[in-house]
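Below are the chains, spelled out letter by letter.
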Amino acid sequence: MSSCSGCSSSKEITPGKEIKASPKKNIQDEMINCTLDKIRHKLFIMSGKGGVGKSSVTVNTAAALAAKGFKVGILDVDIHGPSIPGLLGVKDSGLEADRGGLLNPAQVNENLYVVSMDSLLKDKDTAVLWRGPKKTAAIRQFVSDVNWGELDFLLIDSPPGTGDEHMTVLKTIPDATSVVVTTPQEVSLADVRKAVNFLQYAKANVLGVVENMSGLACPHCGEEIELFKKGGGKKLAEKYGLEFLGGIPLDPATVVAADRGVPVVMLDENTAAKSGFLNLADNIVKALDCSLESVSSDHS
């Protein structure tokens, strides 16, 4: 391929010759690696479908882990529909720079931190009209330019589907472990199967499956009603040889808590959803420990 003589910035590209990354990108890669080295577990929460309560699962799982004493961060990479700050009641989610020039995440409590696209929007009702390259750049900056510090867990909340954001996360954070969220009914499972297929194609680590809206906890008698059926998530996990991490029931307390900007896990009263999320957090910790033991034994 010949270069354009009328363009001083054009470069001749030789077939088969690798194009070197720019120094700026190399520096950012080093910053990303430095940041990730301080984070023990990275959990990529995805579903392949909208409307399954994935962000609610992310927020409440993070809150449950934080309540157990772990240092937890939430990275909201849903560029077009960031909802994490609202679910956490973080009104001032703006990012402030520290003395070193890095941005500090918004602090929810002593163990829980969050960074979201919502932090950069002056008008929360403004639509974000970005294509792939800008979204990729933003996600990389949310890792490289943020002072996450020492964390036990970083939960990454993704948008629906299997697009730019998902591929960027898996490329930027190659040791991320995926948690797939579904609801019991077939209309959800059909899209989630595509998400699992995407993760398999990307050779990503999959920790397991969570079934959200797994039955309805009646607010009057406490009995369980199979409103959207039940067990679809467990069957999907068994089909693909994945761990079933648990089911979270539909619970009116979750809706009330979300509107108040308080994770249901942080409510004083005990509810079916709160118990479900606390159990889910325990199961995630156990599954990660088992995964690490398996890797250690494979290399021994």
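Up top is the structure.
Anyway, here's the lowdown on the structure attached to this text. Predicted model, so just to flag it, every value in this text is computed and none were measured.

Re the overall build of the protein
- Helix and strand counts for the protein stand at nine helices and 11 strands.
- A fraction of 76% describes how many contacts in the protein between residues 6 or more apart in sequence connect residues 24 or more apart.
- Total accessible area on the protein is roughly 15800 Å²; 51% of this is exposed by carbon and sulfur atoms.

Regarding the side chain of Thr177
- Checked against the element boundaries, Thr177 lands in strand β8 (residues 177-182).
- Among residues more than four places away in sequence, those in contact with Thr177 are Lys42, Leu43, Phe44, Asn205, Val206, Leu207 and Leu288.

Observations regarding the packing of helix α6 (residues 186-201) against helix α7 (residues 232-239)
- Where α6 meets α7, the axes come as close as 11 Å, and the angle between the chain directions of the two elements is 30 degrees. The orientation of α6 with respect to α7, classified from their angle, is roughly parallel. In this structure, α6 meets α7 at a crossing whose hand is right-handed. Taken together, the residues of α7 that come into contact with α6 (itself represented by Leu189, Val192, Arg193 and Val196) are Gly232, Gly233, Leu236 and Lys239.
- Its residues assigned to classes, the contact of α6 with α7 shows four nonpolar, two polar and two charged.

Re helix α1 (residues 23-36)
- Under the 1.5 Å per step criterion, the end-to-end length of α1 is 20 Å for 14 residues, consistent within 8% with the ideal 20 Å.
- Buried within α1 we find Gln28, Ile32, Thr35 and Leu36. Each buried residue of α1 sits inside an arc of 90 degrees when the element is viewed along its axis, so together they form one side. What points out from α1, more than 90 degrees from its buried face, is the exposed set Pro23 and Glu30.
- Packed against the buried residues of α1 are β1 (39-46), α4 (132-144) and α5 (164-172).

Focus on α7
- Every buried residue of α7 is accounted for by Gly232, Gly233, Leu236 and Ala237. Relative to the axis of α7, the buried residues are bounded by an arc of 135 degrees and lie together on one face. Set apart from the buried face of α7 by more than 90 degrees, the exposed residues are Lys235, Glu238 and Lys239.
- Close packing links the buried residues of α7 with β8, α6, β9 (205-217) and β11 (243-250).
- Trailing α7 by a residue or two, Gly241 shows a phi angle of about 70 degrees, which is positive.

Details of the pairing of β8
- Burial within β8 is extensive, with six of its six residues counted as buried.
- On β8, burial covers both faces: Thr177, Val179 and Val181 on one face and Ser178, Val180 and Thr182 on the other are all buried.
- Two elements, β1 and β8, share four bridges in a ladder whose sense is parallel. Each residue of the ladder has a partner; that of Leu43, found in β8, is Thr177.
- Across six bridges, the pairing between β8 and β9 is parallel.

Side note on the packing of α4 against α5
- Direction vectors running N to C along α4 and α5 enclose 40 degrees, while the axes themselves pass 9 Å from each other. Our classification of the angle between α4 and α5 gives oblique. Between α4 and α5 the crossing geometry is right-handed. Along its contact with α4, which presents Gly132, Lys135, Thr136, Ile139 and Arg140, the element α5 presents Asp164, Glu165, Thr168, Val169 and Thr172.
- The residue inventory of the contact of α4 with α5, partitioned by class, reads two nonpolar, four polar and four charged.

Regarding the environment of Arg40
- Mapped onto the secondary structure, Arg40 falls in strand β1.
- Relative accessible area serves as the criterion here: at 53%, Arg40 is assigned to the exposed category.
- Only 3.5 Å separates the side chain of Arg40 from the side chain of His41, close enough to count as a polar contact.

A short note on a nonpolar patch on the surface
- Taken together, the side chains of Ile225, Leu227 and Phe228 present a nonpolar region at the surface, about 250 Å² in accessible area.
- As for its placement among the helices and strands, Ile225 is situated in strand β10 (residues 224-225).
- Overall, Ile225 belongs to the partly exposed group, its relative accessible area being 40%.

Some thoughts on the pattern of salt bridges
- All told, the structure shown has 10 salt bridges when counted by the stated rule.
- A salt bridge links Arg140 to Asp29, with the nearest nitrogen and oxygen atoms 2.7 Å apart. Here Arg140 is found in helix α4, whereas its partner Asp29 is found in helix α1, with 111 residues between them in sequence.
- The class for Asp29 is partly exposed, based on a relative accessible area of 22%.
- The salt bridge involving Lys194 is made with Asp191; its shortest N-O contact spans 3.8 Å. Placement of both Lys194 and Asp191 in helix α6 is noted, with a separation of three residues, approximately one turn of the helix.
- Taken together, the shared-partner salt bridges in this structure form one network comprising Lys25, Asp29 and Arg140.

Thresholds applied
- Residues numbered from 1 in each chain as written.
- Predicted model: local features only at pLDDT ≥ 70, side-chain atom pairs only at ≥ 80, totals over all residues.
- Heavy atoms only, no water.
- Helix = DSSP H or I, 4+ residues; strand = E, 2+ residues; numbered from the N terminus.
- Contact = heavy atoms within 4.5 Å.
- Areas by Shrake-Rupley, 256 points an atom, 1.4 Å probe, with all protein chains shown as cover.
- Axes fitted to C-alpha atoms, helices over the stretch in contact; angles between N-to-C directions.
- Parallel < 35°, antiparallel > 145°, perpendicular 65-115°, else oblique.
- Left-handed = near helix turned anticlockwise from the far one by under 90°.
- Nonpolar A, V, L, I, M, F, W, Y, C, P; charged D, E, K, R; others polar.
- Expected span 1.5 Å × (residues − 1).
- Buried < 20%, exposed > 50% of the residue type's maximum accessible area, 1.4 Å probe, protein only.
- Arc of directions from axis to C-beta.
- Pairing = 2+ DSSP bridges.
- Polar contact = N/O pair within 3.5 Å; in protein donor to acceptor, adjacent residues only side chain to side chain.
- Patch = residues over 30% accessible without salt bridge, like charges linked within 9 Å, V, L, I, M, F, W, Y side chains within 5 Å.
- Salt bridge = Lys/Arg side-chain N within 4 Å of Asp/Glu carboxyl O.

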